[in-house]
Amino acid sequence: MQTIYTLFLVASILSLVLYKKPLLAQKVGFGLASILSLYAAVFFLSNLNDTLLWKLPGNFISAPLFRLEPLGIFFSFLISLIAFAVSLFSFEYAKHYEKKANLAVFASLFNAFILSMLLVVASDNVFSFMLLWEVMTLISALLILINDGKEASKNVMIYLGIAQIGAFCLMVALLIMASLAGSFEFSTFANLNISFGMSLSLFLLLLIGFGSKAGMFPFHVWLPLAYCQSPSNASALMSGVMIKVALFAFIKFSLLLPQYVQFGYILLFFGGISCIFGIIYALISNDYKASIAYSSCENVGIIFLGLGGAFYGLGTHSAMIALLGFIAALFHILNHAVFKSLLFMLSGNVYNVTHTRNMDLLGGLHKKMPITSLIFFVAALSICALPPLNGFASEWVIYKTMVMGGMEKDVVSRFFFTLSIIALSITGAMAIMAFSKLYGAVFLGTARDTKIVEEAKEVSFIQLLPLGFLASLCIGIGIFMNDIVGMLSKIVLTLIPHTSATPYGFISMPLIAMVMILCAIIPFVLLYLFKANTKEARITDPWACGFLYNKNMQIGSNAFTGDIKKALSFILRYESSVKIDGYFSKAVYTHKTHDFFWEKLYEPIIDAIMVIADKIGVFQNGRTNLYAGYILIYLCLILMFGYYFL
Amino acid sequence: MDFFYLLLQLISAIMVAPLFDGISRKLRARFQSRIGPSIFQTYYDIYKLLKRGRTKSKSTSYIYQIAPYLLFISAAAMLCALPITYGTNAPFLSRFSDIFVLLYFGALFRFIFIVAGIDTSNPFSGISASREGTIGFYTEEVAVICLIVVMMGAGSTNLAFISELIQKGNYGYMIPSFSIAATAFLWVMYVETGRKPYDLAEAEQELQEGVLGEFCGKDFAIIDIAILLKQITVLGFFLVIFIPWRFEHPLLSLIVFLGEVGFLYVMGVFIDNFGPRFTMNKGMKRTMLYALAISCTSLALFIMGI
């Protein structure tokens, strides 16, 4: 494993060294990244059930130790797998940012980002973990800034701000745990002897710390801002794997605490809320990238539902529920990494040829980009959890966990589990609507803005190759669901020792695929038997009640979600305005959606901080004599403090 | 042998479904003091469609080509998930017959329906695609709440297992939450069949059929069959859970099942014919609230352990 880390470091430095020749650096940097991550993926997959150890040579501060246990190896595998596809994609894609940034820096940051995520997963003490965690955050912030623009610094500041709130909670939690354990090594953290209140508050701190990074509600506000701002390959990595690193760390640390049932309930609660709000905003958004970003919040919610089941199982010592819950969560983590990075890369393809993120200007792209569209269709089916693709497989396991949890006699647990199933099912119904709208508005129908769509053309083969790879993974993971579950259950059994439960009663995905094929034959038999008319169809304009067809007659994304918006108006904020100047000119309809929680939760806090900052600003007024006075007052206070308390 | 019976179940449903539709059309006509078409009219319609030539809209893509088949696949797979001719003793098929498999095949149907509607870029199909999605948003949670009571009560998501458990009387109507759930579930399944006051599968442009405005010829015939199959399946979904009359011999259970479904399907006319028609927001919001309230009552009872 040290070879992999070193090689990534070398690749990062090498591409930085070539900064005078950005195009070469881009080829070298991203090429190396893809080869290295392919190697890393194979390496981690073949050592899936081992424990790997590596001590940093030399006498570095606190002599960091890196340790990978099966769970860590699984996540390292996930990072390398997605990094492979994304870096192969960037090999061509990054060229579009030639004018905005030095590509050598881009490639270097990209390699460093992969390295930092791998190291966070492996680090084994508080100091190196916190350091690498912050490095990961900073590198991702720099990657967002590669796509510099009008709002870029504001978006990055919001991202960094929320990341810092998280990091602060994390630091507090880890320091308390370290002081209780008497050591900074994570391996000594197990079996802490602490009270329920202490354990609960540590758990909440960890949840805020990692949940804010994972995009859990109510910390989801940075998702659409950061992902829309960053280049698509960076957002694919961030959404695909960086938020998974946060989830990994959450699982790792919260398992060190003594377990209580309440942990499960908390996770189920936040998971359910994240699901519903994430998908509502994904549904009503007109910006396809923002829609995909909000759906990250939804999927993190789904993962938290699985984890909630797992922690409930640990709290009540029901091994079966804990096992199923962890399998479900890890399975969905794997699937979400695959299809979400795929969707972000596809949206990058669309953005590069159309230069707009507004769905209402697109349409009819399928004719220009057939392969991108086809892959998008597979990705959309799998994110909507439709059989027989991978999203369905993992959501089925989550449903099974919930049903197992709800069978217990306890009223509280029944309450939470039933509500989470309902949340998940509402999410499912809305995801169908959100992604059918997204796919339909971007790729199908008639072009709304003919100028944009006419210039569009299919991207190069090398850019499509990794997308095809991920799309086939979507299908493959779905069909071979039971093998993946078997693999994951081995990993999970290392997390919850002393259990020998084996998952049973799973559906058989190959059978589902087979029945679908069987059903597919019947219509053809029917057509053959009745000698159907198979003449080529005549091509006409769409029917418009006898009027001349106009492309504006087709449904737009606002009208599509109109009824739902009305029904949900109590939690949504949106403004529509119509601008008409002159009798013969065209009316301009604008439609804006606001994040309800940004207005209610974040803006008051930000305003308060601004006011306080203004007030504090009085002290900094540039008069030297006053500054000398401050120093004097400070010294006096220190002296007094030292005299009385030390 | 299981697969043979499964095929039989599918094919007999395809063959009988147009008859039910014909009978209900005849009955509806009689209510409206018309003579009405022959009860075999739906067969004639489908046959005629198969022979017709087709036109398609300029904007259509591959989705338009594959949508009829995908719709048929999802509806037929939904029907196959109903354990009628097989039970828990079927080693393979019982791993297919799962409540969530059925629900998500329904979702696949809806997804393809919406996407196909947008693809034709016909103004009406867009509106009805939106409508289809919104109906899903309203009905899904009520259906799932009812199913939660069943699944958690029976302790499994396997439809064949639940069906057998309820038929044996180990779990069922003696439990209040179960019997209340039955009411709400029948309501939702009626909505899913796409009839008034929620939808009207054979008329109005802006309703369900609007999506299909641009489909014609053999494509339309296949979609018609798929919609009929879906209507039968959702009613069958109710029957399999709440009135499971199963017999030793697969053929006998199949015949009894088709009889039951036909009865429910035709009886739907009584609601259909006398119900008013609402706009989407008023109709769905107002009427589904009752179903939601009933299902929530059942859920609350279940949570309390009654």
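Residues numbered from 1 in each chain as written. Chains lettered and ligands numbered in written order. Predicted model: local features only at pLDDT ≥ 70, side-chain atom pairs only at ≥ 80, totals over all residues.

Enquirer: What is the right way to read the overall build of chain A from this model?
Expert: Of the regular secondary structure elements, chain A holds 23 helices and 5 strands. Rg of the C-alpha trace for chain A: 26 Å, near the compact-globule value of 26 Å for 646 residues, within the 12% margin. Referenced to the eigenvectors of the C-alpha coordinate spread, the extents of chain A come out at roughly 100 × 70 × 55 Å. Looking at chain A as a whole, 52% of its 646 residues qualify as buried. A separation threshold of at least 6 residues defines the contact pool for chain A, and within that pool the share at least 24 residues apart is 81%. (Helix = DSSP H or I, 4+ residues; strand = E, 2+ residues; numbered from the N terminus. Rg over C-alpha atoms; globule rule 2.2 N^0.38 Å. Buried ≥ 20, exposed ≤ 12 C-beta atoms within 10 Å, placed from the backbone. Contact = placed C-beta atoms within 7 Å.)

Enquirer: What is the right way to look at the overall build of chain B in this model?
Expert: Regarding its fold elements, chain B presents 10 helices and 1 strand. In chain B, the succession of helices and strands from N to C terminus is α-α-β-α-α-α-α-α-α-α-α. For a compact globule of 306 residues, the expected C-alpha radius of gyration is about 19 Å, and chain B comes in at 19 Å, within 12% of that figure. Residues classed as buried in chain B amount to 62% of the 306 residues present.

Enquirer: Explanation requested: the pairing of strand 2 (residues 65–68) of chain A in the structure shown.
Expert: On a regular strand, one side chain projects to one face of the sheet and the next to the other, so that they alternate. Residues and elements named next belong to chain A. Every second residue of strand 2 is oriented toward a common face, the buried set being Phe66 and Leu68 and the non-buried set Leu65 and Arg67. As paired strands, strand 1 (residues 52–55) and strand 2 are joined by 4 bridges and run antiparallel to one another. What sits directly across from Leu53, in strand 2, is Arg67. (Pairing = 2+ DSSP bridges.)

Enquirer: I keep staring at the environment of B:Met151 and nothing clicks. Help me out?
Expert: Topologically, B:Met151 is positioned in helix 5 (residues 123–154). B:Met151 gets classed as buried once you count the C-beta atoms within 10 Å, which come to 26. On a C-alpha basis, the gap between B:Met151 and B:Cys216 in space is 41 Å, while along the polypeptide they are 65 residues apart. The residues contacting B:Met151, other than those within four sequence positions of it, are A:Val403, B:Ile99, B:Ser156 and B:Thr157.

Enquirer: When you look at helix 11 (residues 288–315) of chain A in this model, what are you seeing that I'm missing?
Expert: Since one α-helical turn is 3.6 residues long, residues separated by three or four positions face the same way. In a regular helix each residue adds 1.5 Å, so 28 residues correspond to 40 Å; helix 11 of chain A covers 40 Å between its end C-alpha atoms and thus fits that length. Counted residue by residue, helix 11 of chain A has 27 buried out of 28 residues, so it is predominantly covered. (Expected span 1.5 Å × (residues − 1).)

Enquirer: Where do I start with the nonpolar core in this structure?
Expert: In this structure, A:Met117, A:Ile327, A:Leu330, A:Ala379, A:Cys384 and B:Leu229 are the most contacted members of the largest nonpolar core, which totals 334 residues. The dominant element in this core, judged by the number of residues it contributes, is helix 12 (residues 319–354) of chain A, at 21 residues. Here this core spans two domains, since at least three of its residues come from each of domain 1 (260–503) and domain 2 (551–594) of chain A. If we skip the residues at most four places from it in the chain, A:Leu330 touches A:Phe74, A:Leu488, A:Ile491 and A:Val492. (Core = buried A, V, L, I, M, F, W, Y, C linked by C-beta atoms within 7 Å. Domains from an automatic or database assignment.)

Enquirer: Would you explain the interface of chain A and chain B in this entry?
Expert: Many descriptions give the size of an interface as the accessible area lost when the pieces come together. Of the residues lining the interface, 67 residues belong to chain A; the matching set on chain B comes to 69 residues. Per-element accounting of the side of chain A that touches chain B gives the leading share, 16 residues, to helix 15 (residues 411–443) of chain A. Examined bridge by bridge, strand 3 (residues 538–540) of chain A and strand 1 (residues 55–57) of chain B share 3 bridges and lie parallel to one another. Within strand 1 of chain B, the residue paired with A:Thr540 across the bridge is B:Ser57.

Enquirer: Is there a simple way to think about the packing of helix 1 (residues 2–31) of chain B against helix 9 (residues 250–274) of chain B in this case?
Expert: When two helices pack together, their arrangement is given by the angle between their axes and by how far apart the axes lie. Residues and elements named next belong to chain B. Orientation of helix 1 relative to helix 9, taken along the N-to-C sense of each, is 25°, at an axis distance of 9 Å. Classed by the angle they form, the pair helix 1 and helix 9 counts as roughly parallel. By crossing handedness, the relation of helix 1 to helix 9 is classed as right-handed. In contact with Tyr5, Leu8, Gln9, Ser12, Val16, Phe20, Ile23, Ser24, Leu27, Arg28 and Phe31 of helix 1, helix 9 contributes Pro250, Leu254, Leu258, Gly262, Tyr265, Val266, Gly268, Val269, Asp272 and Asn273. Across the contact of helix 1 with helix 9, the residue classes tally to 13 nonpolar, 6 polar and 2 charged. (Axes fitted to C-alpha atoms, helices over the stretch in contact; angles between N-to-C directions. Parallel < 35°, antiparallel > 145°, perpendicular 65-115°, else oblique. Left-handed = near helix turned anticlockwise from the far one by under 90°. Nonpolar A, V, L, I, M, F, W, Y, C, P; charged D, E, K, R; others polar.)

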